Amino acid sequence: MLMEVKNLTASYGNIEVLHGVDFNIERGEIVTLIGANGAGKTSILMSLARLVRPEAPVVSGGDILYDGKSILKTEPHTLVQNHLLALVPEGRHIFGNLTVEENLKIAAYPHHNKSDRAVIESEIRGMVYELFPRLTERRKQRGELLSGGEQQMLAVGRALMTGAAFIMLDEPSMGLAPKLMHEMFRALRQLNQEKNITILVVEQNAKVALEFAGRGYVLKTGEIIAGGTSEELIANPGVKKAYLGG
Ligand SMILES: Nc1ncnc2c1ncn2[C@@H]1O[C@H](COP(=O)(O)OP(=O)(O)O)[C@@H](O)[C@H]1O
Ligand SMILES: [Mg+2]
């Protein structure tokens, strides 16, 4: 198992928002976590990435195992430097005043020597521009001038430049027109198939997420209330009614 989340609880101050969450992800899988606004999706991703920030919850119980070992005491930069995981956060968090190419280079630095220019540039071409040809055309453009879809592609590109084996995405479809959303999911599936990158995607858009993922879990007010293959969840009357518009 690549990732095992066991009885995870997490809180903001003294308010617990994850109440004993259990789920797992095998290497090479695409798994989705669906749930309404406020269900705790972002809190789970921030807990898994071990983020220690004012906006991140504090894990107060349970365990998170990566390749069978607890990462509860691992620093977030260690997870990134060792290529274990990368988070594509909600709202993208790219550097608006830097160009597309500068954004990608910065993401590569933690595990490259800054003077390895040729290596970094070839990785940008091979890993990001090949997947998102649109970004090649925009490579000298400042981040803030990109469309929402292009910014989302750049955010995924930054995660790829870390060389992570496991990528977590927080609502990648948010704000994207259907065409760009499908392009994004197509690219993610290609990454999964060709590079064996394991993917966890959290989404409010359950229909899109279940079409994309092989397996999923349903999160409601900090608890997992259902899980199964995407086909099983799509056929589940409760899931259908609450998350798929009947
Ligand atoms: N920084 C924060 N401080 C306090 N409560 C928060 C914070 N962020 C989120 N919450 C609360 O935690 C719960 C889960 O939120 P979140 O993980 O953002 O859900 P989702 O991503 O599914 O919309 C919600 O009740 C939300 O109001
Ligand atoms: Mg969220």
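In this text the structure is predicted, and so the values were computed from the model without any measurement.

Visitor: Lay out the sheet that holds strand β5 (residues 69-70) in plain terms, naming residues and giving numbers.
Guide: Strand order in this open sheet of four strands is β2-β1-β4-β5, and the pairing throughout is antiparallel. Each edge of the open sheet is held by one strand with a lone partner, namely β2 (15-25) and β5. Packing of helix α1 (residues 41-48) onto the sheet brings it into contact with β1 (3-12), β2 and β4 (58-66), and relative to β2 it is tilted by some 70°.

Visitor: Can you lay out the site of ligand 1 for me, pointing to particular residues and giving the numbers?
Guide: Taken together, the neighbourhood of ligand 1 is formed by Y12, V17, G35, N37, G38, A39, G40, K41, T42, S43 and E55. If one sorts the elements of the shell around ligand 1 by residue count, α1 sits on top with three residues. A breakdown of the residues in the shell around ligand 1 according to their chemical character gives three nonpolar, six polar and two charged.

Visitor: Outline the pairing of β1, listing residues and values.
Guide: Bridge analysis of β1 against β2 gives eight bridges, and the strand direction is antiparallel. Bridge pairing in β2 places S11 opposite E16. In this structure, the hairpin formed by β1 and β2 is closed by a connection of two residues, where G13 is found at a positive phi of approximately 55°.

Visitor: Provide a residue-level description of the pairing of strand β8 (residues 198-203), including the pertinent values.
Guide: Counting buried positions along β8 gives six out of six residues, so the element sits mostly inside the fold. Alternating positions in β8 separate into two faces, T198, L200 and V202 on one and I199, V201 and E203 on the other, with burial throughout. Two elements, strand β3 (residues 30-34) and β8, share five bridges in a ladder whose sense is parallel. Bridging from a neighbouring strand, V31 pairs with L200 of β8. Bridge count for strand β7 (residues 166-170) against β8 is five bridges, and the pairing is parallel. Across the sheet, residue L169 finds its bridge partner in β8, namely V201.

Visitor: Residue-level account of the sheet that holds β7, with values.
Guide: Sheet strands pair by backbone hydrogen bonding; their relative direction is either parallel or antiparallel. Overall, mixed pairing links the six strands, which are arranged β6-β7-β8-β3-β9-β10 in an open sheet. The sheet terminates laterally at β6 (86-88) and β10 (223-229), the two strands that pair on one side only. Here the average twist between neighbouring strands, direction ignored, is 15°. Summarising the sheet, strand β9 (residues 215-220) and β10 pair through six bridges and their orientation is antiparallel. The partner of K220 across the bridge, within β10, is E223. Contacting β3, β6, β7, β8 and β9, α1 crosses the sheet at an angle of about 150° to β7.

Visitor: Lay out the environment of L210 in plain terms, naming residues and giving numbers.
Guide: Within the fold, L210 resides in helix α8 (residues 206-212). Separated by 23 residues in sequence, L210 and L233 place their C-alpha atoms 7.9 Å apart. The contact partners of L210, leaving out residues within four places of it in the chain, are T32, G216, S230, L233 and I234.

Visitor: Now, about the domain arrangement of the protein chain: what can you tell me, with residues and values included?
Guide: Looking at the assigned domains, one finds that the protein chain contains domain 1 (3-85 + 164-243) and domain 2 (96-162). Measuring from the centre of the C-alpha atoms in domain 1 to the corresponding centre in domain 2 gives 24 Å. Residue-level contacts link 15 residues of domain 1 with ten residues of domain 2. When contributions to the side of domain 1 that touches domain 2 are tallied by element, the ones reaching two or more residues are α2 (76-81) and α7 (178-195). At five residues, α7 tops the list of elements feeding residues into the side of domain 1 that touches domain 2.

Quick notes on the rules
Residues numbered from 1 in each chain as written. Chains lettered and ligands numbered in written order. Predicted model: local features only at pLDDT ≥ 70, side-chain atom pairs only at ≥ 80, totals over all residues. Pairing = 2+ DSSP bridges. Helix = DSSP H or I, 4+ residues; strand = E, 2+ residues; numbered from the N terminus. Contact = placed C-beta atoms within 7 Å. Axes fitted to C-alpha atoms, helices over the stretch in contact; angles between N-to-C directions. Near = placed C-beta within 6 Å. Nonpolar A, V, L, I, M, F, W, Y, C, P; charged D, E, K, R; others polar. Buried ≥ 20, exposed ≤ 12 C-beta atoms within 10 Å, placed from the backbone. Domains from an automatic or database assignment.

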